[in-house]
Amino acid sequence: MFSGAGVPEAAAGLFPPSAGPKRDAGALPVCTVSLGAAEGWALPAGSSIAPAPFGGYLVRLAGAAGPEWLWLPQGPRRVQLDARGRLLKVEPVALDTLACSADGVQLGSSAAAGDVEWVCWRLPAGEPVPPTALERGAWYLLGSHTALRGRAGVYRHLVAGTVYEDRLAWPNQWRVFSENDAHALHLVLGGLARASADPLLAAIRRQVLDAVLARQSDDGGWRHGEWTDTMESHYRLHCSAMHLMMDTLAEGPDERVQQALAAAAAFLARQTEALAFGQWLLHDELEHSVEKMRLGPFRWVPSRAFGKSESNMLVLNSHLDATVALDRYAELTGDTRHAALVASARASTRAVLALRPAEALYRLLFRLIGLTFLPTERASRLPLWQRALKRLAWQHLIPRLPDLKARWPRLVMPGGYIDRELTLRTWAHDYHAVNLMDLARYLRRFPDEALVREVLVAGLEFTRTSGILERWRELKYQKYALGFWAEALYHVCLLDPAPRWRIWLAEAMLVLEDLGMGQPPSLLGANAEALAPAEQLPCPSPADARLRVANLGRRGAPELLLLNPTAEPLVLAWEQAPADALVWRDAAGHELAPGATIAPRSWLHGLPVARGEG
């Protein structure tokens with residue numbers, strides 16, 4: 001058994017003599033033990049065990065200086081990995097014995113033979129800090145597209161010292177390594193820790209960082225093997241590891257993180273291809289050659305547009321993310337060795353977003369393809385001739401779109417839709433939401449990019465008017481895009497004070513709550529890419545855990561959205577109030593007094609008194 005700083009002395013005697021750590025977990029509070037089939041655990045006399053208010057179980061150990069506490073976030077489990085470390089199976093190990101008496105607590109399992117992982121934390125002295133209402137909500141994870149519900153849920157992802165997705169990934173149906181989820185977990189835990197000052201949340205957050213650092217390759221990259229056994233790197237996930245490390249360094253110096261980040265930046269800077277108008281940052285390691293691409297699950301249209309190689313699919317979102325990551329790295333560290341690459345990548349971004357060939361043809365095509373964005377109920381009310389055109393678009397035009405894009409290359413379409421890439425034989429309209437999020441992040445980093453602003457605003461307006469939001473909501477897989485839509489709107493709200501973005505964000509939050517998807521991590525207000533730690537304000541926590549909060553403020557300019565997603569009125573009250581006095585107004589602009597009720601399925605906007613009265 002390990003604590004955050006090593007084996008806790010209080011754990012002595014909790015395991016039978018045959019048990020012990022089977023691997024070096026470093027600072028990770030994870031123990032892998034080997035038990036015989038008849039063995040179990042004996043906790044000293046005076047101990048007790050009970051469900052923890054933040055998930056898992058709390059073990060109370062009697063001590064001469066007062067009680068000590070252990071936290072078991074998950075039950076014991078058997079973990080199966082493949083030869084490359086990918087997660088094949090997590091199998092709970094059932095406890096047959098759970099008996100409390102004056103002699104102590106007995107835990108036992110007849111199925112525990114072999115290596116069993118059981119995560120245990122030794123908590124700081126004193127009573128455990130209860131979870132806030134914020135923690136009792138659900139938080140959307142941008143990798144798995146699943147929801148984190150409480151700190152114990154971290155260990156659905158953090159298995160055997162590594163962060164994995166909490167889902168089976170296409171096409172191989174295994175749980176892949178996920179720096180995307182690690183970054184999202186780090187953001188959520190950071191926001192919750194800042195709001196509650198709970199040291200356990202901060203310690204778990206550090207554990208997520210440690211797990212990411214431990215998986216970095218010698219060349220500075222992260223490998224994933226999501227699609228092939230070559231363990232190809234996916235650069236979006238690599239950038240998430242970089243952003244996690246940069247969030248850490250933004251809070252204070254850390255030599256180990258600094259060195260890992262420099263190696264990661266150098267690795268990313270090598271994953272490029274020169275186009276006619278500048279450098280393009282690639283999507284994944286397979287894109288370096290046609291031979292590698294053929295190992296993957298995709299088909300594509302051969303294209304050498306703008307001097308690119310056939311294997312470069314010209315994926316937009318990963319290029320934007322990597323450009324942001326390298327520029328942020330330079331700002332944070334003062335290391336400008338990649339500045340010329342960033343400038344060249346920006347030129348490529350402008351050139352690709354400006355492409356408008358065959359405007360009349362694409363305008364006609366997307367009038368027809370636009371019919372496929374309609375939700376089922378609206379589509380069913382179309383006249384027969386329009387339904388026939390919709391079928392034509394779905395069955396014949398969309399499958400031929402990659403051929404058209406290869407001949408007349410463009411990603412930004414008439415009406416505002418932004419396609420994911422150029423020549424893959426896929427149709428991924430869900431990535432429109434990812435593109436919006438990345439364009440908003442890109443615009444914050446490069447605010448002088450007028451074309452990016454134009455494309456972003458048109459894309460946001462398209463999303464609201466085309467019916468695609470409702471269509472995503474009814475699709476089993478693509479509904480994940482709604483989480484990215486809300487995350488994009490958070491970033492837009494920080495860029496522009498216009499009321500419509502707040503209205504759209506509140507409506508998006510309501511949809512996410514209806515679907516049980518959780519709220520985007522950045523809404524806690526602790527995303528260091530968007531706001532430097534010195535500018536961040538702790539997110540207040542409502543008295544009623546059913547209320548949802550979006551923390552849009554910064555130091556000196558607090559701003560909150562407060563959402564009631566239920567079918568009953570809820571009282572405007574706090575367990576941890578905002579630091580500043582706020583004026584609250586509903587969607588109609590009516591001011592509410594403190595202690596007033598929030599109408600069902602409605603929201604309030606809170607601004608400082610001076611701004612609120614203006």
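Refer to the structure above for everything that follows.
In this text the structure is predicted, and so the values were computed from the model without any measurement.

Draft legend 1. Looking closely at the overall build of the chain. Across its full length, the chain carries 16 helices and 26 strands. The C-alpha radius of gyration computed for the chain amounts to 26 Å, which stays within 12% of the reference 25 Å derived for 614 residues, consistent with globular compactness. Principal-axis analysis of the C-alpha atoms gives the chain an extent of 80 × 65 × 55 Å. Considering the chain as a whole, with its 614 residues, one finds that 58% of them fall into the buried category. Looking at the chain alone, contacts between residues at least 24 apart form 65% of all its contacts between residues at least 6 apart.

Draft legend 2. Fine view of the nonpolar core. Ranked by internal contacts, the top residues of the largest apolar core, which has 145 residues, are Trp 71, Val 154, Met 242, Met 245, Leu 460, Trp 485 and Leu 505. Per-element accounting of this core gives the leading share, 11 residues, to helix 14 (residues 481–495). If we ignore the near neighbours within four places in the chain, the residues touching Leu 505 are Ala 486, Leu 489, Tyr 490, Cys 493, Leu 523, Ala 550, Leu 552 and Leu 561. The next biggest cluster of nonpolar side chains, apart from the first, holds 11 residues, and it includes Leu 43, Ile 49, Val 59 and Leu 70.

Draft legend 3. Examining the sheet that holds strand 5 (residues 68–72) more closely. The strand order across the open sheet formed by four strands is 3-4-5-11, and the pairing between neighbours is antiparallel. Here the strands that pair on one side only, and so sit at the sheet edges, are strand 3 (48–51) and strand 11 (121–122). The sheet contact formed by strand 4 (residues 57–61) and strand 5 spans five bridges and is antiparallel. Its bridge partner being in strand 5, Leu 58 is matched across the sheet by Trp 71.

Draft legend 4. Layout of unusual backbone geometry. Residue Pro 171 follows Trp 170 across a cis peptide bond; omega there is 5°. Phi angles above zero are rare outside glycine, and Met 231 is one such case at about 55°. Within the secondary structure, Met 231 is located in the loop between helix 2 (199–214) and helix 3 (235–251). We note that Ala 358 has phi near 45°; this positive angle belongs to a residue other than glycine.

Draft legend 5. Layout of the sheet that holds strand 24 (residues 591–592). If you walk across this open sheet you meet the five strands as 19-20-26-23-24, and the pairing is antiparallel. Each edge of the sheet is formed by a strand with only one pairing partner; in this case those strands are strand 19 (548–551) and strand 24. Judged from the five bridges that link them, strand 23 (residues 582–586) and strand 26 (residues 602–608) form a sheet pairing that is antiparallel. Paired with Arg 585 across the strands is His 605, a residue of strand 26. Packing of helix 15 (residues 499–515) onto the sheet brings it into contact with strand 19, strand 20 (560–564) and strand 26, and relative to strand 20 it is tilted by some 40°.

Draft legend 6. Molecular detail of the environment of Thr 132. The topology assignment puts Thr 132 in the loop between strand 11 and strand 12 (139–140). As for Thr 132 and Gly 150, which are separated by 18 residues in sequence, their C-alpha atoms are 9.8 Å apart. If we ignore the near neighbours within four places in the chain, the residues touching Thr 132 are Ser 196, Ser 541, Glu 575 and Gln 576.

Draft legend 7. Fine view of the packing of aromatic side chains. The tally for this structure, following the rule as stated, stands at 20 aromatic pairs. Measuring from ring centre to ring centre gives 5.0 Å for Phe 277 and Phe 306, while their planes differ by 45°; the resulting arrangement is tilted. Of this pair, Phe 277 sits in the loop between strand 16 (272–275) and strand 17 (278–281) while Phe 306 sits in the loop between helix 5 (290–293) and helix 6 (316–333), and the two are 29 residues apart along the sequence. Since its relative accessible area comes to 24%, Phe 277 is described here as partly exposed. Classification of Phe 306 as partly exposed rests on a relative accessible area of 21%. Stacked on the ring of Phe 177, the Lys or Arg Arg 215 has its end atom at 4.0 Å from the ring centre.

Draft legend 8. Representation of the pairing of strand 6 (residues 77–81) in the model. Here strand 6 runs beside strand 7 (residues 87–92); their pairing, made up of five bridges, is antiparallel. Its bridge partner being in strand 7, Gln 80 is matched across the sheet by Lys 89. Taken together, strand 6 and the strand that follows it, strand 7, pair antiparallel across an intervening segment of five residues, in which Gly 85 is found at a positive phi of about 90°.

Draft legend 9. Region of interest: the pattern of salt bridges. Taken as a whole, this structure holds 45 salt bridges when the rule is applied. Put simply, Arg 206 and Asp 210 hold a salt bridge, and the shortest N to O gap is 3.8 Å. Residue Arg 206 and its partner Asp 210 are located together in helix 2, separated by four residues, close to a single helical turn. Of the residues examined, Arg 206 reaches a relative accessible area of 32% and is grouped as partly exposed. Residue classification places Asp 210 among the buried residues on the basis of a relative accessible area of 12%. Of the charged contacts, one joins Asp 514 and Arg 601 as a salt bridge, the two residues approaching to 2.7 Å between their closest N and O atoms. Taken together, the residues span a long stretch of sequence, with Asp 514 in helix 15 and Arg 601 in the loop between strand 25 (597–598) and strand 26 at a distance of 87 residues.

Draft legend 10. Geometry of the layout of surface pockets. Computed from the structure, the second largest pocket encloses a volume of approximately 460 Å³. Lining the second largest pocket are 23 residues, and of these Pro 497, Arg 502, Glu 559, His 605 and Leu 607 sit closest to its centre. Secondary-structure elements contributing two or more residues to the lining of the second largest pocket are helix 14, helix 15, strand 23, strand 26 and helix 16 (609–613). Of the residues assigned to the lining of the second largest pocket, the class counts are 12 nonpolar, four polar and seven charged.

Draft legend 11. Highlighting the side chain of Glu 135. Structurally, Glu 135 is set in the loop between strand 11 and strand 12. Contacts of Glu 135, omitting those with residues within four sequence positions, involve Phe 54, Gly 150, Arg 151, Leu 192 and Leu 201.

Draft legend 12. Examining the pairing of strand 4 more closely. By the bridge criterion, four bridges tie strand 3 to strand 4 in an arrangement that is antiparallel. Counterpart to Ser 48 in the pairing with strand 4 is Arg 60.

Draft legend 13. How the structure looks around the packing of helix 11 (residues 431–445) against helix 12 (residues 450–465). At a closest axis distance of 10 Å, the pairing of helix 11 and helix 12 adopts a crossing angle of 145°. The handedness of the crossing between helix 11 and helix 12 comes out as left-handed. Contact residues: His 432, Leu 436, Leu 439, Ala 440, Tyr 442 and Leu 443 in helix 11; Val 452, Arg 453, Val 455, Leu 456, Gly 459, Leu 460, Phe 462 and Thr 463 in helix 12. Within the contact of helix 11 with helix 12, the residues separate by chemical class into 10 nonpolar, three polar and one charged.

Conventions and cut-offs
- Residues numbered from 1 in each chain as written.
- Predicted model: local features only at pLDDT ≥ 70, side-chain atom pairs only at ≥ 80, totals over all residues.
- Heavy atoms only, no water.
- Helix = DSSP H or I, 4+ residues; strand = E, 2+ residues; numbered from the N terminus.
- Rg over C-alpha atoms; globule rule 2.2 N^0.38 Å.
- Buried < 20%, exposed > 50% of the residue type's maximum accessible area, 1.4 Å probe, protein only.
- Contact = heavy atoms within 4.5 Å.
- Core = buried A, V, L, I, M, F, W, Y, C linked by side-chain atoms within 4.5 Å.
- Pairing = 2+ DSSP bridges.
- Axes fitted to C-alpha atoms, helices over the stretch in contact; angles between N-to-C directions.
- Phe/Tyr/Trp six-rings, centres within 6.5 Å; stacked < 30°, edge-to-face > 60°.
- Lys NZ or Arg CZ within 6 Å of the ring centre and 35° of its normal.
- Salt bridge = Lys/Arg side-chain N within 4 Å of Asp/Glu carboxyl O.
- 1 Å grid on protein atoms, 1.4 Å probe; cavity = no way out; pocket = protein on both sides within 12 Å on 5 of 7 lines; lining within 4 Å.
- Points joined across faces, edges and corners; volume = space filled by probe spheres on them.
- Nonpolar A, V, L, I, M, F, W, Y, C, P; charged D, E, K, R; others polar.
- Left-handed = near helix turned anticlockwise from the far one by under 90°.

These figures come from the coordinates and say nothing about function on their own.
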